[in-house]
Amino acid sequence: MPANVQTMGYVGQVPWHGLGVKIRDQGLATSAEMVEAAGLDWQVAVMETETFFWEPDPSGAMVMNDKGEITPALVKHYLPNSTKSLVRLDNLAVLDEGVRKFTPYQNAQMFEWVDAIVGTDQAVYHTAGALGAGETVWVLVELPGEMYIGPKRDAHQKYVLIANSHQVGRALRIALTDVRVVCQNTLALALSGSDLRNIVSISHMPNIAKRAELAKDALGLINKRYNQIEAIFNELVRVQLDRRTLLQGLEAAWVMPSAEAESAGAEARRVQIGRLRDQTEHFFVQGVGQEMYPGSAYNYVNAVAEAATHLNGKRSPYRHFEHATLGEGAAAEARALAFAKTLLS
């Protein structure tokens, strides 16, 4: 499976992750423009694959190899009970193996889903791309308006991240992705399960009028969630953290492996988590924009987001993007926000 087939398209300034093909300097892109720039004009299909092995020809025939050596001729033997794989049709890359019952959700369907919410040919697409060999395809959609936090009106741009997995057992994922303008920190904000079910159903509705109605409801759910987040952030500005509470928050966001875990990997993870906690504590005081509301629970959430967004360790840029928006970085941000909300009660 090729590990370097990674594509991305974007508009405007180079994103914080520094990746992708620029479409234009200003504005946003339509779905058609983004599909082309991000290299997502391909489909997947479940295909039968054959397993085989080589063994010496039983006739005893000999052949000359590329080095001029005489070696036994080999014959290919196919094993019975071929399996099914999920295959990318443009380059035949195998994205998943051992597939049984699975109906792929195509890249085009994901863009149709977004168009159903915002309107066909509307310029709302900010970035999109594929990770790995195409196992994960995602799109980031910019929403109108900004959130303003506290009396100093710290600005946050609102986005919706949709990620589709071309692997069995991994569902379509949707997250509100807030970007703090002053520092470009990315904070993944989860939607509830019921909200997700309501929103995802849109693209599967054959009735255009009904689909438009559901799309309007979906946008309403997204805006409602952002209004809730804005209200929470404005409350967190007023909550001050002493050092004891800050350390509790760092432990909640960056979780250590259990004490029973004794592998070399677990020990390396403990060292990594310790460094993340230290760096997050540094960002809590001296991170970009933290002078606005020093010592606040709002600063704590932003410090975790800064660590998740900008500390990439030894990950490649593409893997770090996945970490920050869909992986452990996003999970740490969710835990940080959950901890901060407990301080409001």
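Everything discussed here concerns the structure shown above.
Reading the values: the criteria
Residues numbered from 1 in each chain as written. Predicted model: local features only at pLDDT ≥ 70, side-chain atom pairs only at ≥ 80, totals over all residues. Heavy atoms only, no water. Helix = DSSP H or I, 4+ residues; strand = E, 2+ residues; numbered from the N terminus. Buried < 20%, exposed > 50% of the residue type's maximum accessible area, 1.4 Å probe, protein only. Contact = heavy atoms within 4.5 Å. Areas by Shrake-Rupley, 256 points an atom, 1.4 Å probe, with all protein chains shown as cover. Pairing = 2+ DSSP bridges. Axes fitted to C-alpha atoms, helices over the stretch in contact; angles between N-to-C directions. Patch = residues over 30% accessible without salt bridge, like charges linked within 9 Å, V, L, I, M, F, W, Y side chains within 5 Å. Salt bridge = Lys/Arg side-chain N within 4 Å of Asp/Glu carboxyl O. Phe/Tyr/Trp six-rings, centres within 6.5 Å; stacked < 30°, edge-to-face > 60°. Lys NZ or Arg CZ within 6 Å of the ring centre and 35° of its normal.

What about the overall build of the protein?
A count of helices and strands for the protein gives 9 helices and 14 strands. Counting every position in the protein, which comprises 345 residues, the buried fraction comes to 45%. Taking the contacts inside the protein whose residues are at least 6 apart along the sequence as the reference set, 62% of them involve residues at least 24 apart. Accessible surface for the protein amounts to roughly 17400 Å². Of this, 53% is attributable to carbon and sulfur atoms.

Regarding the sheet that holds strand 8 (residues 83-88)
With respect to topology, 3 strands assemble into an open sheet ordered 3-8-9, the strand pairing being antiparallel. A single partner strand is all that each edge strand has here, and the edge strands are strand 3 (44-49) and strand 9 (94-96). Mean inter-strand twist for the sheet, computed between neighbouring axes without regard to direction, equals 50°. The sheet contact formed by strand 3 and strand 8 spans 6 bridges and is antiparallel. The residue of strand 8 that forms the bridge with Ala 45 is Val 87.

A closer look at a nonpolar patch on the surface
Residues Met 62, Met 64 and Ile 70 make up a contiguous nonpolar surface patch of roughly 350 Å² in combined accessible area. Inspection of the secondary structure puts Met 64 in strand 5 (residues 62-64). For Met 64, a relative accessible area of 59% gives the class exposed.

Quick look at the packing of aromatic side chains
Tallying each qualifying case throughout the model produces 4 aromatic pairs. Their ring planes at 65° and their centres at 5.7 Å tell us that Phe 233 and Tyr 298 sit as a pair that is edge-to-face. With Phe 233 in helix 4 (residues 208-236) and Tyr 298 in helix 7 (residues 297-310), the pair connects residues that are 65 residues apart, well separated along the chain. Judged by its relative accessible area of 1%, Tyr 298 is buried. Ring centres of Tyr 293 and Tyr 298 lie 5.7 Å apart, and the angle between their planes is 75°; on these two criteria the pair is classed as edge-to-face. Exposure class is identical for Tyr 293 and Tyr 298. Each is buried. The structure contains a cluster of three or more aromatic residues connected by ring pairs, namely Phe 233, Tyr 293 and Tyr 298. It is Arg 88 that lies over the ring of Trp 42; its NZ or CZ is 4.0 Å from the centre.

As for the pairing of strand 12 (residues 154-165)
Among the 12 residues of strand 12, 12 are classified as buried, and the element is accordingly described as predominantly covered. Here strand 12 shows two buried faces, one formed by Asp 154, His 156, Lys 158, Val 160, Ile 162 and Asn 164 and the other by Ala 155, Gln 157, Tyr 159, Leu 161, Ala 163 and Ser 165. Direction of pairing for strand 11 (residues 136-149) relative to strand 12: antiparallel, over a ladder of 11 bridges. If you follow Val 137 over to strand 12, its bridge partner there is Asn 164.

These values are about where atoms sit, not about what they do.
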